[in-house]
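Given next are the chains, with one letter for each unit.
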Amino acid sequence: MPYVFSRLVRPDARKAQGRPLVEFNGVTRAYGSRLALDEVDFRLEPGELAFLVGPSGAGKTTLLKLINRELRPTQGEVWIDGIAAHELKASRVAELRRRVGVVFQDYKLLPRLTARENVALALQVGDLRVSDREARERALDALDAVGLGDRGDSMPHELSGGQQQRVAVARAVIRKPPLLIADEPTGNLDMETAWGITDLLEDIAAFGITVLVATHNIEIVTRLQRRVLTLVNGRLVRDQPAGQTGRMAWLASS
Ligand code: ADP
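So, how was this worked out
- Residues numbered from 1 in each chain as written.
- Predicted model: local features only at pLDDT ≥ 70, side-chain atom pairs only at ≥ 80, totals over all residues.
- Near = placed C-beta within 6 Å.
- Helix = DSSP H or I, 4+ residues; strand = E, 2+ residues; numbered from the N terminus.
- Nonpolar A, V, L, I, M, F, W, Y, C, P; charged D, E, K, R; others polar.
- Buried ≥ 20, exposed ≤ 12 C-beta atoms within 10 Å, placed from the backbone.
- Axes fitted to C-alpha atoms, helices over the stretch in contact; angles between N-to-C directions.
- Parallel < 35°, antiparallel > 145°, perpendicular 65-115°, else oblique.
- Left-handed = near helix turned anticlockwise from the far one by under 90°.
- Contact = placed C-beta atoms within 7 Å.
- Pairing = 2+ DSSP bridges.
- Right-handed = clockwise from strand over helix to strand, strands pointing away.

Asker: Explain the site of the ligand to me, using residue names and the numbers behind them.
Answerer: In the neighbourhood of the ligand, the contacting residues comprise Tyr31, Arg34, Ala36, Gly54, Ser56, Gly57, Ala58, Gly59, Lys60, Thr61 and Thr62. Elements supplying a minimum of two residues to the shell around the ligand: strand S2 (34–44) and helix H3 (60–67). Here the shell around the ligand takes 3 residues from H3, the largest share from any one element. Class assignment for the residues of the shell around the ligand results in 3 nonpolar, 6 polar and 2 charged.

Structure below.
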């Protein structure tokens, strides 16, 4: 499996060492008078896998939406792979989105397309120069990488939740983004299936893609011993380095 991921990684993902892939400087985001994020500062380095935890309503989804410019901050700066997302014009959002793969809790596959077509479409939407044949081949490579090389012709409804999430991961990395963000990617899955998806995310990070995962899955966060960012009421109350996480990290969350 890993040999295929090596082809999925953007060649300059590692070259960018020295510059953070994600940088939040004093980021505040308000919805009306409610502060969803309050003066948040952090950086993610190339190839880093970090978890974002905290109770419901803490601001996790808002933080992820600021990364791919679904939202803009009320105050502060959001830098993504050298792009100033906080002041990015709508006409340049596509440039940013090419750099950010996204995985959702509920997969969001297009129901009338096969697994292969779902992945290939993500490639062609971003780059009209990619021929149908190339898109098909690269989509099959990506499906192979996530362990679904033989399910390219399956429709989403013919796949289990875990398999659909694997297709969604393949779709998210097909354009070799330097960054992958995932919002509760294991939220609808049983524990064993959740571990399979987590293994995939670790493999992806191992090949140089920065991965940020918002999750409530205590077992995965405590066992993996990766960096953990904890949000409570919109404030980043803890930033625990890899190797220093444990059950106590969860005292701050529900
Ligand atoms: P989480 O993902 O950690 O559950 P969210 O980022 O979804 O947190 O929400 C953070 C806070 O912002 C919550 O208080 C939520 O109610 C509020 N919020 C989120 N989206 C909106 C919105 N579109 N309009 C108003 N308030 C919102």
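Asker: Can you tell me about unusual backbone geometry, naming the residues and giving the values?
Answerer: A positive phi angle is found at Glu39, which is not glycine, with a value near 55°. With respect to the secondary-structure elements, Glu39 resides in strand S2. According to the C-beta neighbour criterion, Glu39 is partly exposed, with 15 such atoms within 10 Å. Backbone geometry at Asp81 places phi at a positive 50°, although glycine is not the residue there. Note that Asp81 resides in the loop between strand S4 (75–80) and strand S5 (83–84).

Asker: Can you break down the packing of helix H7 (residues 161–173) against helix H8 (residues 191–206) residue by residue, with the values?
Answerer: The interhelical angle for the contact between H7 and H8, taken along N-to-C directions, is 15°, at an axis separation of 9 Å. Considering the angle they form, H7 stands roughly parallel to H8. The handedness of the crossing between H7 and H8 comes out as right-handed. On the side of H7, the interface is formed by Gly161, Gly162, Gln165, Arg166, Val169 and Val173, while H8 contributes Thr193, Gly196, Ile197, Leu200 and Ile204. Among the residues forming the contact of H7 with H8, the class breakdown is 5 nonpolar, 5 polar and 1 charged.

Asker: How would you summarise the pairing of strand S8 (residues 210–214) if you had to cite specific residues and measurements?
Answerer: Extensive coverage of S8 is indicated by the burial of 5 of its 5 residues. Where strand S3 (residues 49–53) lies against S8, 4 bridges are found, and the strand directions are parallel. Within S8, the residue paired with Leu52 across the bridge is Ala214. Alignment of strand S7 (residues 179–183) against S8, held across 5 bridges, turns out to be parallel. Residue Leu180 lies in a different strand from S8, and its bridge partner there is Val211. After leaving S7, the chain enters H8 and then returns to the sheet as S8, a path that is right-handed.

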